[in-house]
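Summary of structural features
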Amino acid sequence: MDRYTRHQLKHDEFQEKMEVLQVFAEEHLKQIILVGIAAIAVVGAVWWMKSYYAHREATANTELQAAITTFHAYVGSSQQAAQMGATASFPTAKEKYQKALSQFSEVVKNYPHTKAADYALIQMGISQSMLGNEKTAIKTLQNAAKSSDNDIASQARFALAGVLAKTGKISEAAKIYQNLAAHPTTMVPRATALLAMADAYRATQPKRAREIYEQVQKEYSSDPVIADSLKQQMASLPE
């Protein structure tokens, strides 16, 4: 009898708990449904945002690649381009870089806050420099160098140093190259920065250029590619 009573008590307790849950569910059914809908909406929104940004990034990359193709297009007649196997060509370099600049600008304008836009901004600066607009190119590359992406920022600074050197601002360019060499990235390794700095000094300070080449030679003596490049550079260095 005691066993039956204990069993019955447990059963009654369980039944009471179920009834309480049922009453709670009935009383809060609307809230439960709303919470469920809200949870589904959040999951749906997250999925939509991920899909949207993935599609946006992919489209930006496609347009960026088209602009890069223009930037590297063959300059010459269409017949010469066909003979060279080139898929795109322009009559003059000016027309090519103007078209590329326009395309890079569109990527920056239409896809802000994407890596494609950050890289396109660098290419805008380079295109402006190729068109002779050095002052504008410097400003563009300075803006590109503000990127939070370290690889993008290092590429922008490297390009900026190149434009500065091109305009005769060797000391400013050297400071940037030196900083890049001290803080190398995947996109701008130490050797690349040092060699670029040496190249900047070649025409005006060949002695300094040779010192940098020799420094790179010591640091990268086991790298055959760098060693071969150094031999050529040092052999053609003015005395």
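Up top is the structure.
Below: a short report on this structure. Every chain begins its residue count from 1, and numbering advances along the sequence as written. Predicted model: local features are reported for residues with pLDDT of at least 70 only, side-chain atom pairs are reported and counted for 80 or more only, and whole-chain, interface and lining totals are derived from all residues. Neither water nor hydrogens contribute to the side-chain values; these are computed over all heavy atoms in the structure.

Focus: the overall build of the protein chain
Each helix and strand counted, the protein chain has 11 helices and 2 strands in total. The secondary structure elements of the protein chain, listed N-terminal to C-terminal, are α-α-β-α-β-α-α-α-α-α-α-α-α. Here's how the labels work: a residue is buried when its accessible area is under 20% of the maximum for its type, exposed when over 50%, partly exposed in between, all with a 1.4 Å probe on protein chains only. Relative to its 239 residues, the protein chain shows a buried fraction of 33%. Taking the intrachain contacts of the protein chain between residues at least 6 apart in sequence as the baseline, contacts between residues at least 24 apart amount to 48%. Per-residue and other accessible areas follow the Shrake-Rupley method at a 1.4 Å probe size, with only the shown protein chains counted as cover for residues. For the protein chain, the accessible area works out to roughly 15,400 Å², and carbon and sulfur atoms hold 58% of it. Helix numbers and strand numbers start at the N terminus; a helix is a DSSP run of H or I with at least 4 residues, a strand a run of E with at least 2. The contact rule is simple, with two residues in contact once any of their heavy atoms fall within 4.5 Å.

A short note on the side chain of S147
Note that S147 resides in the loop between α6 (134–144) and α7 (150–166). Of the residues examined, S147 reaches a relative accessible area of 15% and is grouped as buried. Any pair of nitrogen or oxygen atoms within 3.5 Å is treated as a polar contact; in protein, a donor-acceptor pairing is required on top of that, and neighbouring residues in sequence qualify only through side-chain atoms on both sides. Polar side-chain contacts of S147 include one of 3.5 Å to the side chain of D118. Residues in contact with S147, not counting those within four places in the same chain, are D118, I152 and A153.

With respect to the packing of aromatic side chains
Note on aromatic pairs: the rings of Phe, Tyr and Trp (six-membered ring only in Trp) are paired at centre separations within 6.5 Å, and the planes decide the class, stacked below 30 degrees, edge-to-face beyond 60, tilted for the rest. Inspection of every chain in the model, using the stated rule, returns 3 aromatic pairs. Here F158 and Y177 contribute two aromatic rings whose centre-to-centre distance is 5.7 Å and whose plane-to-plane angle is 70°, an arrangement assigned as edge-to-face. Taken together, the residues span a long stretch of sequence, with F158 in helix α7 and Y177 in helix α8 (residues 170–182) at a distance of 19 residues. A residue is classified by how much of its surface remains accessible, and Y177, at 5% relative accessible area, is buried. One aromatic cluster in this structure is built from F71, Y97 and F104.

A look at the environment of A165
Residue placement: A165 occurs in helix α7. Along the sequence, A165 and M197 sit 32 residues apart, while their C-alpha atoms lie 9.0 Å from each other. Each residue touching A165, except ones within four places of it in the same chain, is listed here: I170, A173 and A200.

Remarks on the pattern of salt bridges
Salt bridges are identified by distance alone: a Lys or Arg side-chain nitrogen within 4 Å of an Asp or Glu carboxyl oxygen. Counted under the stated rule, the structure contains 4 salt bridges. Between E134 and K166 there is a salt bridge, and its shortest N-O distance comes to 3.0 Å. Of this pair, E134 sits in helix α6 while K166 sits in helix α7, and the two are 32 residues apart along the sequence. Residue E134 is classed as buried on the basis of its relative accessible area, which comes to 15%. A relative accessible area of 47% places K166 in the partly exposed class. Its salt-bridge partner being E219, residue R190 comes within 2.8 Å of it at the nearest N-O pair. Highlighted residues: R190 in helix α9 (residues 190–201) and E219 in helix α10 (residues 206–219), separated in sequence by 29 residues.

Digging into the packing of helix α5 (residues 115–130) against α7
When two helices pack together, their arrangement is captured by the angle between the axes and the distance separating the axes. Where α5 contacts α7, the axes come no closer than 10 Å and their chain directions differ by 5°. Overall, the two elements α5 and α7 adopt an arrangement that is roughly parallel. Touching K115, D118, Y119, I122, I126, S129 and M130 of α5 are I152, Q155, A156, A159, V163 and K166, all from α7. Only the stretch in contact is used when fitting a helix axis, every axis being a line fitted to C-alpha atoms; angles between N-to-C directions are given from 0 to 180 degrees. Oblique is the label for every angle not falling under 35 degrees (roughly parallel), over 145 degrees (roughly antiparallel), or within 65 to 115 degrees (roughly perpendicular).

Remarks on the packing of α10 against helix α11 (residues 224–235)
Relative to each other, α10 and α11 sit at 160°, their axes nearing to 10 Å. It follows that α10 is roughly antiparallel to α11 by the angle criterion. For α10 against α11, the interelement crossing comes out left-handed. Seen from α10, the contacting residues are R210, Y213, E214, V216 and Q217; seen from α11, they are I226, L230, Q233 and M234. Each crossing gets its handedness from the near helix: less than a right angle anticlockwise from the far helix is left-handed, clockwise is right-handed.

Re the environment of A193
Mapped onto the elements of the fold, A193 is located in helix α9. Residue A193 is classed as buried on the basis of its relative accessible area, which comes to 0%. A sequence separation of 32 residues divides A193 from A161, and the C-alpha atoms of the two residues are 9.8 Å apart. With near-sequence residues (within four places) excluded, A193 lies in contact with F158, Y177, L180, A181 and V188.

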